[in-house]
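Structural overview
The chain contents come next:
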Amino acid sequence: REVGPRGTDLAGRRVVVSAGGTREPLDPVRFLGNRSSGKQGYALARAAAARGARVVLVAANTSLPDPEGVETIAVETTAELREAVLGAADGADAVVMAAAVADFRPAHRAAGKIKKREGEDPEPIRLVRNPDVLAELAADRSDPLRVVVGFAAETEDVLANGEAKLARKGCDLLVVNRVGEGVAFGTEDNEAILLDARGPREEIPRGPKEELAHRVWDAVARRWSGERD
Ligand code: CTP
Ligand code: CA
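Residues numbered from 1 in each chain as written. Chains lettered and ligands numbered in written order. Predicted model: local features only at pLDDT ≥ 70, side-chain atom pairs only at ≥ 80, totals over all residues. Heavy atoms only, no water.

An unreviewed UniProt entry lists the chain under the name Coenzyme A biosynthesis bifunctional protein CoaBC, with Streptomyces calidiresistens as the source organism. What UniProt states about the chain under its Function (unreviewed entry) heading is, verbatim, "Catalyzes two sequential steps in the biosynthesis of coenzyme A. In the first step cysteine is conjugated to 4'-phosphopantothenate to form 4-phosphopantothenoylcysteine. In the second step the latter compound is decarboxylated to form 4'-phosphopantotheine." (UniProt positions renumbered as here; feature names shortened; annotations may be inferred.)

1. Topic: the overall build of the chain
Within the chain one finds five helices and twelve strands. At 18 Å, the chain has a C-alpha radius of gyration in line with the 17 Å of a compact globule built from 229 residues. Projected onto the principal axes, the alpha-carbon positions of the chain cover approximately 65 × 35 × 35 Å. For the chain, the proportion of its 229 residues judged to be buried stands at 45%. Expressed as a percentage of contacts within the chain between residues at least 6 apart in sequence, the contacts between residues at least 24 apart total 64%. Of the roughly 12,200 Å² of accessible surface on the chain, 48% is carried by carbon and sulfur atoms. Charge separation in the chain, taken as the distance between the mean sites of 34 positive and 38 negative side-chain charges, equals 2 Å. (Helix = DSSP H or I, 4+ residues; strand = E, 2+ residues; numbered from the N terminus. Rg over C-alpha atoms; globule rule 2.2 N^0.38 Å. Buried < 20%, exposed > 50% of the residue type's maximum accessible area, 1.4 Å probe, protein only. Contact = heavy atoms within 4.5 Å. Areas by Shrake-Rupley, 256 points an atom, 1.4 Å probe, with all protein chains shown as cover. Lys, Arg positive; Asp, Glu negative; His and termini not counted. Charge placed at Lys NZ, Arg CZ, Asp CG, Glu CD.)

2. Here's the deal with unusual backbone geometry
Its identity as a non-glycine residue notwithstanding, N61 has a phi of 60°, on the positive side. With a phi angle near 40°, D157 is a residue other than glycine that sits in the positive phi range. Structurally, D157 can be placed in the loop between β9 (147-154) and α4 (158-169).

3. A short note on the confidence of the model for the chain
This prediction gives the chain a mean pLDDT of 94; 95% of its residues lie at or above 70. Interface confidence in the predicted complex, given as ipTM, is 0.99; pTM for the same model is 0.95. (pLDDT = per-residue confidence, 0-100.)

4. Points about the coordination of the calcium ion (ligand 2)
Note on the calcium ion (ligand 2): its protein donors are D103 (OD) and D103 (OD). The metal-donor distances range over 2.4 to 2.6 Å. Residue position: D103 is located in the loop between β6 (94-97) and β7 (104-106). (Donors = N, O, S within 2.8 Å, 3.2 Å for Na, K, Ca; no water.)

5. So, the UniProt feature "binding site: CTP" (unreviewed entry) in the chain
UniProt records the feature "binding site: CTP" (unreviewed entry) for D103, K113, P131, D132, V133, L134, F151, K165 and K169 in the present numbering. Spanning 67 residues, the named residues do not form one spatial group; their C-alpha atoms are separated by as much as 37.7 Å. Here D132 is to be found in the loop between β8 (127-129) and α3 (133-139). At a separation of 3.2 Å, a polar atom in the side chain of D132 contacts the main-chain amide nitrogen of L134. Within the secondary structure, F151 is located in strand β9. On the accessibility criterion, F151 (17% relative accessible area) is buried. Ignoring sequence-local partners within four residues, the contact set of F151 consists of Q40, L44, V96, M97, A98, L174, V175 and N177. (Polar contact = N/O pair within 3.5 Å; in protein donor to acceptor, adjacent residues only side chain to side chain.)

6. Details of the site of ligand 1
The environment of ligand 1 is made up of 14 residues, and the closest members are M97, A99, L134, K165 and K169. One nitrogen or oxygen atom from the main chain of P131 is found 2.9 Å from a nitrogen atom belonging to ligand 1. K165 is positioned such that a nitrogen or oxygen atom in its side chain is 2.6 Å from an oxygen atom of ligand 1. (Near = heavy atom within 4 Å.)

7. Comments concerning a nonpolar patch on the surface
Residues L32, F104, I125 and L127 make up a contiguous nonpolar surface patch of roughly 340 Å² in combined accessible area. Of note, F104 is situated in strand β7. (Patch = residues over 30% accessible without salt bridge, like charges linked within 9 Å, V, L, I, M, F, W, Y side chains within 5 Å. Salt bridge = Lys/Arg side-chain N within 4 Å of Asp/Glu carboxyl O.)

Next comes the structure, spelled out in structure tokens:
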């Protein structure tokens, strides 16, 4: 493997990355989902592996090739993602939640395919809240050195919404993406603001998701080295 300018600075570290978007089934053939491609999460996993980390990638409904040298766990629902992430996060040095996690799921999952009824409108779909995996990880400070990173996609008031979300979630770092108008979802490029609960914010200009990934690991590595204490 080619060694980049950052070398193998993450050697000896164990990290977890979630990617893609969770799907919540309505019946055996239908689901509520979102447009996350998983590209940013995969870029994070590849970047960490290239820098020598041991990586577990929890992939929700992606159709991307498994990154080389990474343990990939495929999941569908938020419940499955939560179990896989919390399991892998135990003893890990960092967790990056790049996945788009469904906030709600249908209260009921029909055992058989939902059928139309002649002349009748369908029943409304009742939704219930999903657990917040990032908030759960951030609340668990049993390992004070574990760095917890969230992602936020915002369409407006990007900075104000990002700062509020960082505080609400209680995570260490929050990568705030500007989305909409062809930016971010499914595209090759990303632009973001990297917020640090204890440090200055960093503007990451529009560029490849690989570059954003490396900047995120740079910030995580600074946390480990105590630069921001
Ligand atoms: N997240 C999570 N569990 C959820 C929802 C979100 O772990 N049930 C994580 C995402 O993986 C992401 C971060 O939380 O890292 C922010 O997600 P976002 O949807 O921007 O935040 P929400 O708190 O759900 O706020 P909003 O109402 O704006 O969707
Ligand atoms: Ca959400």
